[in-house]
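Inside the fold
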Amino acid sequence: MSPAVRALTVLYDADCSLCVHLRSWLLRQSQLVPLHLVPAGSAEARRRYPQLDHARTRREITVIGDRGQIYSGQAAWIVCLWALAEHRPKAHWLATPAGAPFVRVTMLAAAKYREATGARAAEAAVVAGPAGAPVVAGPAEVAPCDDRCSVPD
């Protein structure tokens, strides 16, 4: 009998410093199930998963199993932990009614952080152009994270 899930693809928001940090953290963990991390909404994500609502995947973590399983929101967070050697027991507990409030609070905190840092990033996106005139920088011109979050691809 083969395992139900042999690999997972995590779609993460590459423009969110928290998401980039969590990507880095996931890649440093010992994995029982291989995690492939792909920027949400990217050409690669669209090529691999044309059926997904890619705007939604940028707003909410989405994880896809190698057999087409789709996890989003709380289930996606739990399945990411389930894939990790040190965190699988915690993932099993978080999937119970007793653990559910902790997942909910964590997700609410992450959403508030993303909202707050997204607003600051949007404000920071106004840069000085020629003769000091304000110019709105595009997403590629505003770094979502400093070097502490980066992980070689």
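Quick note: structure is the one above.
Our subject in this report is the structure included herewith.

The rules behind each value
Residues numbered from 1 in each chain as written. Predicted model: local features only at pLDDT ≥ 70, side-chain atom pairs only at ≥ 80, totals over all residues. Heavy atoms only, no water. Helix = DSSP H or I, 4+ residues; strand = E, 2+ residues; numbered from the N terminus. Buried < 20%, exposed > 50% of the residue type's maximum accessible area, 1.4 Å probe, protein only. Contact = heavy atoms within 4.5 Å. Areas by Shrake-Rupley, 256 points an atom, 1.4 Å probe, with all protein chains shown as cover. Pairing = 2+ DSSP bridges. Axes fitted to C-alpha atoms, helices over the stretch in contact; angles between N-to-C directions. Polar contact = N/O pair within 3.5 Å; in protein donor to acceptor, adjacent residues only side chain to side chain. Phe/Tyr/Trp six-rings, centres within 6.5 Å; stacked < 30°, edge-to-face > 60°. Lys NZ or Arg CZ within 6 Å of the ring centre and 35° of its normal. Core = buried A, V, L, I, M, F, W, Y, C linked by side-chain atoms within 4.5 Å.

1. Regarding the overall build of the protein chain
Counting its secondary structure elements, the protein chain contains six helices and six strands. Its helices and strands in sequence order give the protein chain the pattern β-α-β-α-α-β-β-α-α-α-β-β, from N to C terminus. Taking all 153 residues of the protein chain together, the buried fraction comes to 33%. In the protein chain, once contacts between residues fewer than 6 apart in sequence are set aside, the share between residues at least 24 apart is 61%. Accessible area for the protein chain stands at about 9,300 Å²; split by element, carbon and sulfur atoms hold 60% of it.

2. Focus: the sheet that holds strand S4 (residues 70-72)
Sheet architecture is open: four strands sit in the order S2-S1-S3-S4, paired in mixed fashion. Strands with a single pairing partner mark the edges of an open sheet, and in this sheet they are strand S2 (35-39) and S4. The sheet shows a mean angle of 20 degrees between the axes of neighbouring strands, direction not considered. Pairing between strand S1 (residues 8-12) and S2: five bridges, direction parallel. By the bridge assignment for S2, Val10 is matched with Leu37. Running at roughly 160 degrees to S2, helix H1 (residues 17-28) makes contact with S1 and S2 of the sheet. The strands touched by helix H4 (residues 74-82) are S1, S2, strand S3 (62-65) and S4; relative to S4, the strand with the most contacts, the crossing angle is about 110 degrees.

3. A word on the side chain of Thr62
Looking at the element boundaries, Thr62 is found in strand S3. Here Thr62 falls in the buried class, since its relative accessible area comes to 5%. One polar contact links the side chain of Thr62 to the main-chain carbonyl oxygen of Glu60, over a distance of 3.1 Å. Setting aside residues up to four positions removed in sequence, Thr62 forms contacts with Thr9, Val10, Leu11, Thr57, Ile70, Tyr71 and Ser72.

4. Some thoughts on the packing of aromatic side chains
In total, this model carries one aromatic pair according to the counting rule given. Both rings, one in Trp93 and one in Phe102, keep their centres 5.2 Å apart while their planes meet at 45 degrees; by these two values the pair is tilted. The ring of Trp82 has Arg88 lying over it, and the distance from NZ or CZ to the ring centre is 4.0 Å.

5. A closer look at the nonpolar core
Of all hydrophobic cores here, the largest spans 20 residues; its most connected members are Leu8, Val10, Leu35 and Val63. Contributing elements (two or more residues each) for this core: S1, H1, S2 and H4. Sorting elements by how many residues they give to this core places H1 first, with four residues. Beyond its immediate stretch of four places on either side in the chain, Leu8 contacts Val33, Pro34, Leu35, His36, Val63, Ile64, Gly65, Tyr71, Val79 and Ala83. Counting residues in hydrophobic clusters, the runner-up holds seven residues, among them Ala45, Tyr49, Leu52 and Ile64.

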